[in-house]
Amino acid sequence: MDIPQLHASLSVADKVVIITGGYGLIGRTIAEAFLQQGARVVIADIDASHHDTVQQQLAEHFAPDRFLLHHLDITNEASCRAVVEATVEKFRKLDVLINNAAIDAKFDKENTGKVNQSRFEHYPVDLLRKSVDVNLMGTVIMTQQACRQMLAQGQGNIINVASTYSMVAPNQSLYDFGQGVQQYKPIDYIASKSFIPNFTRYIATFYAQEGIRCNAIVPHAIFNNHSEAFLTNFSRLSPLGRMCEREELIGPFTFLASEASSYMTGSVLTVDGGWTAW
Ligand SMILES: NC(=O)c1ccc[n+]([C@@H]2O[C@H](COP(=O)([O-])OP(=O)(O)OC[C@H]3O[C@@H](n4cnc5c(N)ncnc54)[C@H](O)[C@@H]3O)[C@@H](O)[C@H]2O)c1
């Protein structure tokens, strides 16, 4: 392969990509980066409150035939089917599904001095069920609908968004901010995201002979105006000593979505500043 061909294989130009959770921190970053690279992008999300702003901002930079904003609840089969149908109706195919939508329960900050609901022994199981419903069940339901279309086409590429908490336990000292205030990363996110790497391997091997690839990406700690106390704890525990800038995910997502990763399926690509390396 000569250099120009290698360059072409790293491209997502003309690919049709659905990004679930597309109004969120990572979803917006990847959607805009892919649009800038010439992809056609479907931004699908449950939170309709961002629709008008995103529509307006994207329309300033990209032609209306390049993108589609669509309401999506990944826990609802009809909703997932509708997004795939709208994608194929507008763009005639679906090349890449990015399973990015998820919920991440926030800390129960109000109760840290009383019964801390984020501690494992007190964690409300209803919240665990809710996270499993979205992060696990929703990912399965959305993937089923995309796979039907990809099978009909004879090709497809799925990128699942995992987490370092899919791979290792949280170091709870990250959430100890002194003065006797210890917060905890609760079990719901860890339980529901741990499923993603092995689901990736399941889909990769299930469809390996039918033209569908499936890989996972493992982001970690995207900077989003975190507190000084958090940044201090984080830099002490992270090998690279800093959080991830959202733009640092563009290369890894582009690689997995492009033909440059054509021999990769069932892989888990870690982008964590070394967090899981020690
Ligand atoms: N931000 C990080 O530091 C980080 C680190 C590791 C992994 N991740 C993973 O990256 C992905 C995106 O995270 P983010 O930080 O951008 O989160 P975010 O909360 O900013 O975005 C998630 C989006 O998913 C949407 N969503 C929630 N439930 C949905 C449903 N049922 N159907 C459709 N959409 C739904 C939300 O409305 C939101 O826009 C998640 O899978 C998360 O687990 C994030």
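Scroll up for the structure.
Small disclaimer: the values here were computed from a predicted structure and weren't measured.

Focus: the overall build of the protein
Okay, so step 1: In terms of regular secondary structure, the protein is built from nine helices and seven strands.
Okay, so step 2: A globule of 278 residues ought to have a C-alpha radius of gyration of about 19 Å, and the protein, at 19 Å, matches this closely.
Okay, so step 3: If you line up the protein on its principal axes, its C-alpha atoms span 55 × 45 × 40 Å.
Okay, so step 4: Within the span of the protein, comprising 278 residues, buried residues form 45% of the whole.
Okay, so step 5: Accessible surface computed for the protein: about 13500 Å², of which carbon and sulfur atoms make up 54%.
Okay, so step 6: Across the protein, the centroid of the 22 positively charged side chains sits 2 Å from that of the 28 negatively charged ones.

Some points on the environment of Thr139
Okay, so step 1: Among the structural elements, Thr139 can be located in helix α5 (residues 125-153).
Okay, so step 2: Residue class for Thr139 comes out buried when judged on its relative accessible area of 4%.
Okay, so step 3: For the pair Thr139 and Ala204, spaced 65 residues apart in sequence, the C-alpha separation works out to 15 Å.
Okay, so step 4: Excluding residues within four positions of it along the chain, Thr139 makes contact with Ile74, Asn99, Val134, Asn160, Ile196 and Phe199.
Okay, so step 5: At 2.7 Å, the side chain of Thr139 and the backbone oxygen of Asn135 are in polar contact.

Quick notes on the site of the ligand
Okay, so step 1: Around the ligand, a shell composed of 25 residues is seen, among which Ile26, Asp45, Asn100, Tyr189 and Lys193 lie nearest.
Okay, so step 2: With respect to the ligand, the side chain of Lys193 contributes an N or O atom lying 2.7 Å from an oxygen atom.
Okay, so step 3: When the ligand is considered free in solution it has 820 Å² of accessible area, and contact with the protein chains removes 81% of it.
Okay, so step 4: Residue assignment for the shell around the ligand shows that the elements contributing at least two residues are α2 (25-36) and α6 (187-193).

What about the pattern of salt bridges?
Okay, so step 1: Counted according to the given criterion, the structure contains eight salt bridges.
Okay, so step 2: Here Glu259 and Lys15 are joined by a salt bridge, their closest N and O atoms 2.6 Å apart. A residue pair is termed long-range when its members are at least 10 positions apart, and Glu259 in the loop between α9 (250-257) and β7 (268-271) and Lys15 in the loop between α1 (3-9) and β1 (16-20) qualify at 244 residues.
Okay, so step 3: Owing to a relative accessible area of 13%, Lys15 belongs among the buried residues under this scheme.
Okay, so step 4: With its nearest N and O atoms 3.0 Å apart, the salt bridge here joins Lys93 to Asp95.
Okay, so step 5: In this structure Asp95 comes out as buried when scored by relative accessible area, which is 6%.

Observations concerning the packing of α2 against α9
Okay, so step 1: Running from N to C, α2 and α9 cross one another at 65 degrees; their axes reach a closest spacing of 10 Å. Helix-helix and strand crossings are classified by hand; for α2 and α9 the assignment is right-handed. Each of Ile26, Thr29, Ile30, Ala33 and Phe34 in α2 lies in contact with α9, whose residues at this interface are Ile250, Phe253, Thr254 and Ala257.

Focus: the environment of Cys80
Okay, so step 1: Turning to its location among the elements, Cys80 is positioned in helix α4 (residues 77-91).
Okay, so step 2: The spatial distance from the C-alpha of Cys80 to the C-alpha of Ile46 is 11 Å, given a sequence separation of 34 residues.
Okay, so step 3: Cys80 has contacts with Leu72, Asp73, Ile74, Ile141, Met142 and Gln145, leaving out every residue within four places of it along the chain.

Quick word on α5
Okay, so step 1: With 29 residues, α5 ought to run about 42 Å at 1.5 Å a step, and its terminal C-alpha atoms sit 41 Å apart, in line with that.
Okay, so step 2: Maximum bend of α5: about 35 degrees, positioned at Met137.

Re the sheet that holds β1
Okay, so step 1: Reading across the sheet, the seven strands line up as β3-β2-β1-β4-β5-β6-β7 and stay open at both edges, with parallel pairing between neighbours. The sheet terminates laterally at β3 (67-71) and β7, the two strands that pair on one side only. The average undirected angle you get between the axes of adjacent strands in this sheet is 20 degrees.
Okay, so step 2: Two elements, strand β2 (residues 40-45) and β3, share five bridges in a ladder whose sense is parallel. Bridging across to β3, Ala44 finds its partner in His70.
Okay, so step 3: Most of the contacts of helix α3 (residues 51-59) go to β3, to which it runs at about 175 degrees, and overall it touches β2 and β3.

A short note on the layout of surface pockets
One way to see where empty space is left: roll a probe the size of a water molecule over the atoms.
Okay, so step 1: Volume-wise, the second largest pocket comes out at about 150 Å³.
Okay, so step 2: In this structure, the second largest pocket is lined by Ser118, Arg119, Phe120, Ala169, Pro170, Gln172, Tyr184, Lys185, Pro186, Ile187 and Ile190.
Okay, so step 3: For the lining of the second largest pocket, the per-class residue count stands at seven nonpolar, two polar and two charged.

What counts, and at which threshold
Residues numbered from 1 in each chain as written. Predicted model: local features only at pLDDT ≥ 70, side-chain atom pairs only at ≥ 80, totals over all residues. Heavy atoms only, no water. Helix = DSSP H or I, 4+ residues; strand = E, 2+ residues; numbered from the N terminus. Rg over C-alpha atoms; globule rule 2.2 N^0.38 Å. Buried < 20%, exposed > 50% of the residue type's maximum accessible area, 1.4 Å probe, protein only. Areas by Shrake-Rupley, 256 points an atom, 1.4 Å probe, with all protein chains shown as cover. Lys, Arg positive; Asp, Glu negative; His and termini not counted. Charge placed at Lys NZ, Arg CZ, Asp CG, Glu CD. Contact = heavy atoms within 4.5 Å. Polar contact = N/O pair within 3.5 Å; in protein donor to acceptor, adjacent residues only side chain to side chain. Near = heavy atom within 4 Å. Salt bridge = Lys/Arg side-chain N within 4 Å of Asp/Glu carboxyl O. Axes fitted to C-alpha atoms, helices over the stretch in contact; angles between N-to-C directions. Left-handed = near helix turned anticlockwise from the far one by under 90°. Expected span 1.5 Å × (residues − 1). Bend = angle between axes of the 7 residues up to and from the residue. Pairing = 2+ DSSP bridges. 1 Å grid on protein atoms, 1.4 Å probe; cavity = no way out; pocket = protein on both sides within 12 Å on 5 of 7 lines; lining within 4 Å. Points joined across faces, edges and corners; volume = space filled by probe spheres on them. Nonpolar A, V, L, I, M, F, W, Y, C, P; charged D, E, K, R; others polar.

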